[in-house]
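Observations on the three-dimensional arrangement
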Amino acid sequence: MSVAMIPSHENLVANQSARWFEQAIKVAVPDVTALANQLVSHATQTFRYLLEKVLKLHQKYAENPNSETAKAKFKSKSDECERDRNHAISPIIQVLLTLRYYATGSHLIAAGDFSGVSKSSAHRIVHRVTAAIARLAPDVIKLPASPQEISATQIDFYAIARFPRVIAALDCTHIKVQSFGGNEAEIFRNRKGYFSINVQATCDANLKFSNIVARWPGSAHDATILNNSRLRGCAEAGEFGDGIILADGGYNMRSYLLTPLSNPATPAQNLYNESQIRTRNTIERAFGVWKRRFPCLAIGMRFTIDHVLPVIVATAVLHNLARITGEEQPPDDPDLNINWDEILNADLYNRVNLGAGEDLTLRLLLQYFESLVG
């Protein structure tokens, strides 16, 4: 996406979310408190869940701020999701303002929507609430662990294109950022020429993220991220039983990681490729839904790296909550002027298989697909 495609703050603020207000509350609200009450009354199931979680964590700290558990979780500034020092901004408003930032990528719009909140306050609030949401990741983003969970996940994937034993689809996607500056700024420039974080993720058949790694610069190769990830260690330790992860040709084929065949020569090999690609496509779809729901990931975040990474994780948490509660995909906002076709197709490019090998898992699967052809 070129720089010209990024709308200016002035234009966005001039048209400051009239469409969002119409869709959210349908009426004019005279003050911030009334606005919060109206939005909560119209809140979706996902928002109610999130709000209850954040306020529950808040309440725990308020009730027993001296406990060791409370100190460990909430003492640091980045872990606090509380009111500003003057107690003028309630937790509800902080959550709403943060969600608004995720939907626009602009602090000016978020601050403008909530009158009385300065841009600097909006900046602090976004990072505090983001840290609180990101803390939910271990409970919301997780791979199947028990035999029952693994079996259920495999059944869901099998229903897509009859590919057996699949527990996850794996790929990487680039999250656009502003240059962080400094001597190492260029390592964040990806093959497309813009600065980004290369985020590795896996998902299940329902497009929920089951694992996410958000800490590598845009120049890092997808295979490098996997080779240095905990996911690889767990898979090689046999934690997923006979489970298989599907990936594209940018990865080396392993007993637990299957990629497309470079030159299929038999009907069984062609059927294997077709089934593999259709099943693996879930991760591409998950990335698309995720970025469209949270345009801040596509517009390009203007934070330091320490603040960018929690936003990526927090929005992944919210994405999963939306999938769990069956939220519909929100409509695209034309005022953001985002070329979604270019963004969503940026990760789709031809990559040759880096080495299929004669793996036992692959041979067994080819035998299975030969039985389907026969």
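Just above, that's the structure.
Quick look at the structure, then. (Residues numbered from 1 in each chain as written. Predicted model: local features only at pLDDT ≥ 70, side-chain atom pairs only at ≥ 80, totals over all residues. Heavy atoms only, no water.)

1. Here we look at the overall build of the chain
Operational definition: What counts as a helix is a DSSP run of H or I of at least four residues, what counts as a strand is a run of E of at least two, and both are numbered from the N terminus. Per-residue accessibility, obtained with a 1.4 Å probe over protein chains only, is compared with the maximum for each type, and a residue is labelled buried under 20%, exposed over 50%, and partly exposed between these values. For every accessible area listed, the method is Shrake-Rupley and the probe measures 1.4 Å; residues are considered covered only by the protein chains on display.
Scanning the chain from terminus to terminus reveals 17 helices and five strands. By residue count, 51% of the 374 residues in the chain fall in the buried class. Carbon and sulfur atoms form 51% of the exposed surface of the chain, whose accessible area is close to 17700 Å².

2. Regarding the packing of aromatic side chains
Keep this limit in mind: Each pair of aromatic rings taken from Phe, Tyr and Trp, with Trp reduced to its six-membered ring, is defined by centres within 6.5 Å and is described as stacked if the planes are under 30 degrees apart, edge-to-face if over 60, and tilted in the remaining cases.
In the structure shown here, the tally under the stated rule is eight aromatic pairs. An angle of 55° between the planes, with centres 5.6 Å apart, marks the rings of phenylalanine 163 and tyrosine 272 as tilted. With phenylalanine 163 in the loop between helix H10 (147–161) and strand S1 (166–176) and tyrosine 272 in helix H13 (residues 267–293), the pair connects residues that are 109 residues apart, well separated along the chain. For phenylalanine 163, a relative accessible area of 0% puts it in the buried group. Put simply, the rings of Tyr101, Tyr102, Phe294 and Phe303 pair up and form one aromatic cluster.

3. Describing the pattern of salt bridges
Where we set the bar: Counted as salt bridges are all cases of a side-chain nitrogen of Lys or Arg within 4 Å of a carboxyl oxygen of Asp or Glu.
Taken as a whole and judged by the stated rule, the model has five salt bridges. Two residues, glutamate 186 and arginine 189, come together in a salt bridge whose shortest N-O distance is 2.7 Å. A relative accessible area of 32% means that arginine 189 is categorised as partly exposed. Here the salt bridges share partners, and the residues they tie into one network are Arg232, Glu236 and Arg254.

4. A look at the packing of H10 against H13
Here is the rule: For helices, the fitted axis covers only the stretch in contact; all axes are lines through C-alpha atoms, and the angles between them, taken along N-to-C directions, range from 0 to 180 degrees. In this scheme, roughly parallel covers angles under 35 degrees and roughly antiparallel covers those over 145, while 65 to 115 is roughly perpendicular and the rest are oblique. Take the far helix as your reference; a near helix turned counterclockwise from it by less than a right angle gives a left-handed crossing, and one turned clockwise gives a right-handed crossing. Residue contacts are defined here by distance: any two heavy atoms, one from each residue, within 4.5 Å place the two residues in contact.
For the pair H10 and H13, interaxial distance at closest approach is 8 Å and the crossing angle is 125°. Of the possible angle classes, the one that applies to H10 and H13 is oblique. Relative to H13, the crossing made by H10 is right-handed. The residues of H13 that touch H10, namely those facing Phe157, Ile160 and Ala161, are Ser275, Arg278, Thr279 and Thr282.

5. Details of the pairing of strand S3 (residues 209–217)
Threshold: Only when DSSP finds a minimum of two bridges between them are two strands counted as paired.
Burial runs high along S3: eight of the nine residues are buried. Looking at chain direction, strand S2 (residues 196–203) and S3 are connected through six bridges and run antiparallel. By the bridge assignment for S3, glutamine 200 is matched with valine 213. Between S2 and S3, which pair antiparallel in sequence order, lie five residues; one of them, leucine 207, sits at a positive phi of approximately 70°.

6. Things to note about the nonpolar core
Our working rule: For the purposes of this section, nonpolar cores are sets of buried Ala, Val, Leu, Ile, Met, Phe, Trp, Tyr and Cys residues that join through side-chain atoms within 4.5 Å.
Counting residues in hydrophobic clusters, the biggest one holds 52 residues, and the most contacted among them are Tyr102, Phe209, Trp290, Met301 and Ile312. In terms of residue count, helix H15 (residues 305–324) provides more of this core than any other element does, ten residues in total. Once residues lying within four places of it in the same chain are set aside, the contact partners of tyrosine 102 are Thr130, Ile133, Phe294, Pro295, Cys296, Val311, Ala314, Thr315 and Leu318. Val213, Leu226, Ile245 and Leu257 belong to the second largest nonpolar core, which has 21 residues in total.

7. What about H13?
In plain terms, the rule: By this rule, a helix spans an expected 1.5 Å times one less than how many residues it contains. To get the bend at a given residue, fit one axis to the seven residues ending there, fit another to the seven starting there, and take the angle between those axes.
In a regular helix each residue adds 1.5 Å, so 27 residues correspond to 39 Å; H13 covers 39 Å between its end C-alpha atoms and thus fits that length. Along H13, the helix axis deviates most sharply at threonine 282, where the bend reaches about 25°.

8. Some words on the pairing of S1
Among the eleven residues in S1, eleven count as buried, and that is most of the element. Taken together, the three bridges between S1 and strand S4 (residues 244–246) define a ladder with parallel strand orientation. From the neighbouring strand, valine 166 faces S4, where its bridge partner is isoleucine 244. Here S1 pairs with S2 via eight bridges, running antiparallel. Bridge pairing in S2 places aspartate 171 opposite alanine 201.

9. Observations concerning unusual backbone geometry
Unlike most non-glycine residues, arginine 162 shows phi in positive territory, near 60°. By secondary structure assignment, the location of arginine 162 is in the loop between H10 and S1. The backbone of arginine 165 shows a phi angle near 70°, a positive value even though the residue is not glycine. With respect to the secondary-structure elements, arginine 165 resides in the loop between H10 and S1.

10. Structural notes on the environment of phenylalanine 303
Mapped onto the secondary structure, phenylalanine 303 falls in the loop between helix H14 (296–299) and H15. Spatially, the C-alpha atoms of phenylalanine 303 and histidine 127 are 10.0 Å apart, while their sequence positions differ by 176 residues. Setting aside residues no more than four positions away along its own chain, phenylalanine 303 makes contact with Tyr101, His107, His123, His127, Phe180, Val308 and Val311.

11. What to know about the packing of H13 against H15
Two quantities define a packed helix pair, namely the angle between the axes and the distance from one axis to the other. Selection criterion: We call Asp, Glu, Lys and Arg charged. Ala, Val, Leu, Ile, Met, Phe, Trp, Tyr, Cys and Pro are nonpolar, and the rest, Gly among them, are polar.
The contact between H13 and H15 brings their axes to 10 Å, and the two run at 105°. Comparing the axis directions of H13 and H15 gives the class roughly perpendicular. Contacts from Ala286, Val289, Trp290 and Arg293 in H13 reach Ile312, Thr315, Ala316, His319, Ala322 and Arg323 in H15. Of the residues that constitute the contact of H13 with H15, the class distribution is six nonpolar, two polar and two charged.

Read these as layout, nothing more, since geometry by itself doesn't imply function.
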